[in-house]
Amino acid sequence: MRRRWGPIVTGVALALTFAVLIGLGTVGPGADGDDTSPAAQGAPAPPSWMRKLDAGEKPPQFVLFSFDGAGSHDHWRRILPLAEKVNAHVTGFLSGIYLLPDARRGEYAGPGHDPGHAAISFGGSEEEVATRIADLNDAVARGHEIGTHYNGHFCAGNEPSGGRWSTTQWTAELDQFFGFVRDAATRGLLVAEDRIKGGRVPCLEGDFEALAPAMAAHGLTYDTSLTSEGIAWPQLHNGIWGIWEFRVPVVRVPALAGKKVIMMDYNLWYSLNGAREDPSRDKEFTAVTLDTYRAAYQAALNTNRAPLTVGNHFNDWSGGAFSNATEQFMTEVCVREHTVCTTYSQVIRWMKLQDPEVLDTFRTMPPAQVT
Ligand SMILES: [Zn+2]
């Protein structure tokens, strides 16, 4: 059975993130400060935390808010002012076909799939795509970052899914993603191709050994699709591909008797009620999710200070419970002392400023655990 236009089939119990809604992501790095791209000319000075640590100094507690799909106008309108208010920068992982109007869906052929088919919506009308391009431009101008959530969102059950793709197939997927970005540039998109430096694969499904060479060939330098038990420092993949891995933490959820869950919106929802729409429980779901985020943050802050990845989609699942939790968390955490809410590329930049031995010291600490 193949679901073509509906929500993604959630195959493997845990990891499924998906973006049913159209959502566009944020744009390039830069925002926090000194970016040397032409687009950033006139940008403010680098933030005060963008420097080498003093001897014995602890790292800032980085929090990486990221939104898969990144195409929802409503959600961009919510996140952009909120982020500005609390001095946060976020990363949007754009589904490339959100830049492709429905009338042109035939221009996308997912690896192993017929042209014009995907597990999520295409871009909608020309007008909707134009609105989305404006949202993305606004996000980039404000210093947010855009990465890739690839295109067709083919997850387990919608075969051949990303988990089975070869390097050749991932290359075709990324070729098309960048093709859509280039095409949108002719319609006003200002997200520079070379500022798209990383991504998250749909449903966290993919054979990294197959994916990594395709990423490297497209100039991507980070991934945030693999998971870790607890909150761990980013690491270069074996040093082979030059790709940083920012792992999505698996943490104990206090409200679920300590059950361990991949800390992403969909996975939390799945663990709460099998990911069934139940707006009557929205406040409860928001509270459980918020408590999980708070506990994970505190665990990292108190121990290894590993950057905390908060992975989400722009979604309104179960009464908006998960978006509400994320926005609330952003509001309270990003203004805290020693805390920096920023983008993946900015954290990579910060890591490169550090003495490698100092970073190794943190890296060898056990991942932070919610107890
Ligand atoms: Zn997704």
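Please refer to the structure placed before this passage.
Residues numbered from 1 in each chain as written. Predicted model: local features only at pLDDT ≥ 70, side-chain atom pairs only at ≥ 80, totals over all residues. Heavy atoms only, no water.

### With respect to the coordination of the zinc ion
Tetrahedral metal sites with four donors have an ideal angle of 109.5 degrees; octahedral sites with six donors have ideal angles of 90 or 180 degrees. What counts is decided by this rule: Each metal's donors are the N, O and S atoms found within 2.8 Å of it, except that Na, K and Ca use a 3.2 Å limit; water is left out, so coordination can look incomplete. The helix and strand labels rest on DSSP assignments: H or I over at least four residues marks a helix, E over at least two residues marks a strand, and numbering proceeds from the N terminus. Under the scheme applied here, a residue whose accessible area is under 20% of the maximum for its type counts as buried, over 50% as exposed, and between as partly exposed, the area being computed with a 1.4 Å probe on protein chains only.
At 2.0 to 2.5 Å from the zinc ion lie its protein donor atoms, namely H149 (NE2), H153 (NE2) and H313 (NE2). On the primary sequence, the residues serving as donors to the zinc ion are separated as H-x3-H-x159-H. Linking H149 in the loop between β3 (145-148) and α3 (167-185) with H313 in strand β11 (residues 308-313), this pair joins segments that are 164 residues apart in sequence. The residues H149 and H313 share a single accessibility class, namely buried.

### Let's talk about the packing of aromatic side chains
Cut-off, in case you're wondering: Each pair of aromatic rings taken from Phe, Tyr and Trp, with Trp reduced to its six-membered ring, is defined by centres within 6.5 Å and is described as stacked if the planes are under 30 degrees apart, edge-to-face if over 60, and tilted in the remaining cases.
Summed over the entire model, instances satisfying the criterion amount to 26 aromatic pairs. A centroid spacing of 4.8 Å and a plane angle of 25° characterise the contact between F67 and F314, whose relative ring orientation is stacked. Here the residue F67 occupies a position in strand β1 (residues 61-69), and F314 occupies one in the loop between β11 and α7 (317-333), the gap between them amounting to 247 residues. The exposure class assigned to F314 is buried, which follows from its relative accessible area of 1%. Ring-pair connections join several aromatic residues into one group, and the members of that group are Y266, W269, Y270, F285, W317 and F322.

### With respect to the state of the cysteines
For clarity, the cut-off: Sulfur atoms of two cysteines make up a disulfide when they are within 2.5 Å.
In total, this model carries 2 disulfides according to the counting rule given. Here C155 connects covalently by a disulfide to C203, the sulfurs 2.0 Å from one another. Taking the torsion about the S-S bond as the criterion, the C155 to C203 disulfide, at about 85°, is right-handed. Linking C155 in the loop between β3 and α3 with C203 in the loop between β4 (198-199) and α4 (208-217), this pair joins segments that are 48 residues apart in sequence. In this pair, the class of C155 matches that of C203, namely buried. Put simply, C334 and C341 are joined by a disulfide, and their sulfur atoms are 2.0 Å apart. Handedness of the C334-C341 disulfide follows from its S-S torsion of about -100°: it is left-handed. For the chain, the bonded cysteines connect in the pattern 1-2, 3-4 when numbered consecutively along the sequence.

Interpretation note: all reported values are geometric properties and have no functional meaning in isolation.
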